[in-house]
Amino acid sequence: MNKIDSNFSIVPKLLQQDPLLAKKLAHTFATQERSLIIDKPFRRGKTNSLSLMYFRLTPLCNLRCVMCGQRGDKGILKGAFAAEEAKKIVPLETYKRLVDEIKHKKPTIYLWGGEPFLYPDLFPLVDYMMEAGLVVSVNTNGTTLAQNAERIVRQKWHALFVSLDGFEETNDKIRGEGSYRHVVEGFEAINREKERQGSHLPHMGIVTTVSNLNYRDLYRLAEAAQNFKLSWHIFNLGTYTDDAIVEKQRAFMKEKLDTDIRCLPAFATGHNDGIDGQECYDVLSRIHAMKSDHPIITVPALEPDKIDTYYHDLEVPVRTHCTVPWSQANIDYNGNVHFCADYPDYVLGNIKEKPFLEIFNGERAQRFRNTLKESPDGMFPGCLRCYQNMLCGKKVKGF
């Protein structure tokens, strides 16, 4: 494992298998870069760039992964509250209007949840987005892939990001009994349908969240994954915080943006505690050194001696100057628009009430961007281990 590991390692394989899809993804990367060169420095809180849109389609999920900020040990979307929130989901027709509004900007689409297969109109929504010429990826726990395999392949979905957090017994302790087997059966069903229908779509990949519950078992998962016919395997070092950072974020957001927070505390799980940085690095190095038929990516890619810092010195930044608000947006299950996928406390507006592009450059959006730009290191106190910042932030020298 080294610093050159990045999302771009996916592109060469896509160029061979699907040049048109690779071209569209290159447009996404170029749009993000343009936002940094033009929009962020010169447009005073506004932007003309839209590279990526996340849609959290539902607060509901059929698993209870222990580290999850939504449904896990300290999650904020559980039980009766989640069931009540599910009554607020955005209807298909509203999403269609949004797609019509933004399709000329050609953002890549990322659908997630909860579990997106619990959104009642998932298939017609993906269909409509793809017919509009957009690249669509779906992040799923994979437990219902087998029963939906024929339709997914027939509709030629572009990409599936599937969560697995270890080999069978480790994964099931984290994600729920039987979840590993359901995912493997889903991969097998998709691959059978791809062969039967003569299709290379969808591209499939695993996303693994590293924690103190699984880091010693990651190699066994990476070995098993060689049989799944994947296009990538991403090891996410995890989103972690602590009570001191939460309180700093709480005070900052109240003072600067007049906003109360409730989401960040869900990531103070303690599942970073006790991780041996050197041992974790050794495991990941073995994984990156294995002969693999798909790219293996670590987010963030760090120097060997910095993994301990990542997990145990949470106030030390490894990425700074968040760029997300200048080219990305998140649509929540209730229609709220915000910039931060995991910390949707500051609401820009709602697509049920206003056109998205009006919200995206509205007064609240401008205020957020300007506050972020003026903040120390170009980020808020709670951004220190945010996954979006790990992907899109500026690498700190030495890390």
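Remember, predicted model here, so these are calculated numbers, not experimental data.

(A) Region of the structure containing the overall build of the protein. Along the backbone of the protein there are 15 helices and twelve strands. Against the globule reference of 21 Å for 399 residues, the protein gives a C-alpha radius of gyration of 20 Å, in line with a compact fold. By the burial criterion, 60% of the 399 residues in the protein qualify as buried. Pairs at least 24 residues apart make up 75% of the contacts formed inside the protein by residues separated by at least 6 positions. Working note: accessible area of the protein is about 16400 Å², and carbon and sulfur atoms make up 51% of it. When the 52 positive and 50 negative side-chain charges of the protein are each reduced to one mean point, those points stand 6 Å apart.

(B) Molecular detail of the environment of Val183. Topologically, Val183 is positioned in helix α8 (residues 179-197). Each C-alpha atom, one on Val183 and one on Ser163, is 8.5 Å from the other, the two residues being 20 residues apart in sequence. The contacts of Val183, once residues within four sequence positions are left out, are Asn141, Gly142, Val162, Ser163 and Leu164.

(C) Up close: the sheet that holds strand β11 (residues 349-350). Pairing is mixed across the open sheet formed by ten strands, whose spatial order is β7-β6-β5-β4-β3-β2-β1-β9-β10-β11. Edge positions in the open sheet fall to β7 (296-299) and β11, since each of these has one partner strand only. The sheet contact formed by strand β2 (residues 108-112) and strand β3 (residues 136-140) spans three bridges and is parallel. The partner of Tyr110 across the bridge, within β3, is Ser137.

(D) Quick peek at a negative patch on the surface. Where like charges cluster on the molecular surface, the negative patch consists of Asp276, Asp282, Asp308 and Asp313. With respect to the element layout, Asp282 can be found in helix α11 (residues 277-289).

(E) Summary view of the pairing of strand β9 (residues 328-331). Residues Gln328 and Asn330 of β9 are buried on one face, and the alternating residues Ala329 and Ile331, pointing to the opposite face, are buried as well. Relative to β9, strand β1 (residues 52-56) runs parallel, the two sharing four bridges. Note that in β9 the partner of Phe55 across the bridge is Ile331. With two bridges joining them, β9 and strand β10 (residues 336-338) adopt antiparallel strand pairing. Paired with Asn330 across the two strands is His338, which belongs to β10. Between β9 and β10, which pair antiparallel and follow one another directly, the connecting turn spans four residues, one of which, Gly335, has a positive phi of 100°.

(F) Up close: the state of the cysteines. Applying the stated criterion across every chain, the model contains zero disulfides. This cysteine, Cys65, is not joined by any disulfide, and Cys61 carries the nearest cysteine sulfur, 6.2 Å off. In this structure Cys65 comes out as buried when scored by relative accessible area, which is 9%. Free of any disulfide, Cys280 has its nearest cysteine sulfur in Cys65, 19 Å distant.

(G) A look at helix α2 (residues 19-42). Compared with the 34 Å implied by 1.5 Å per residue over 24 residues, the 34 Å span of α2 between its first and last C-alpha is a close match. Maximum bend of α2: about 40°, positioned at Ser35. Taken together, the buried positions of α2 are occupied by Leu21, Ala22, Leu25, Thr28, Thr31, Gln32, Ser35, Asp39 and Lys40. Downstream of α2 by a residue or two, Arg44 has a phi angle that is positive, lying close to 50°.

(H) Just the packing of aromatic side chains, in detail. Per the stated rule, a full pass over the model turns up 19 aromatic pairs. Seen from their ring centres, Tyr346 and Phe368 are 5.3 Å apart, and the 40° between their planes marks the pair as tilted. Placement of the pair is Tyr346 in the loop between β10 and β11 and Phe368 in helix α14 (residues 363-374), with a sequence separation of 22 residues. This pair shows no difference in class: Tyr346 is buried, exactly as Phe368 is. In this structure an aromatic cluster arises from ring pairing among Phe252, Phe339, Tyr346, Phe356, Phe360, Phe368 and Phe380. Positioned above the aromatic ring of Tyr219 is the side chain of Arg286, whose terminal nitrogen or guanidinium carbon lies 3.9 Å from the ring centre. Of note, Arg369 hangs over the ring of Phe360, and the distance from its end group to the ring centre comes to 4.9 Å.

The rules behind the values
- Residues numbered from 1 in each chain as written.
- Predicted model: local features only at pLDDT ≥ 70, side-chain atom pairs only at ≥ 80, totals over all residues.
- Heavy atoms only, no water.
- Helix = DSSP H or I, 4+ residues; strand = E, 2+ residues; numbered from the N terminus.
- Rg over C-alpha atoms; globule rule 2.2 N^0.38 Å.
- Buried < 20%, exposed > 50% of the residue type's maximum accessible area, 1.4 Å probe, protein only.
- Contact = heavy atoms within 4.5 Å.
- Areas by Shrake-Rupley, 256 points an atom, 1.4 Å probe, with all protein chains shown as cover.
- Lys, Arg positive; Asp, Glu negative; His and termini not counted.
- Charge placed at Lys NZ, Arg CZ, Asp CG, Glu CD.
- Pairing = 2+ DSSP bridges.
- Patch = residues over 30% accessible without salt bridge, like charges linked within 9 Å, V, L, I, M, F, W, Y side chains within 5 Å.
- Salt bridge = Lys/Arg side-chain N within 4 Å of Asp/Glu carboxyl O.
- Disulfide = S-S within 2.5 Å.
- Expected span 1.5 Å × (residues − 1).
- Bend = angle between axes of the 7 residues up to and from the residue.
- Phe/Tyr/Trp six-rings, centres within 6.5 Å; stacked < 30°, edge-to-face > 60°.
- Lys NZ or Arg CZ within 6 Å of the ring centre and 35° of its normal.

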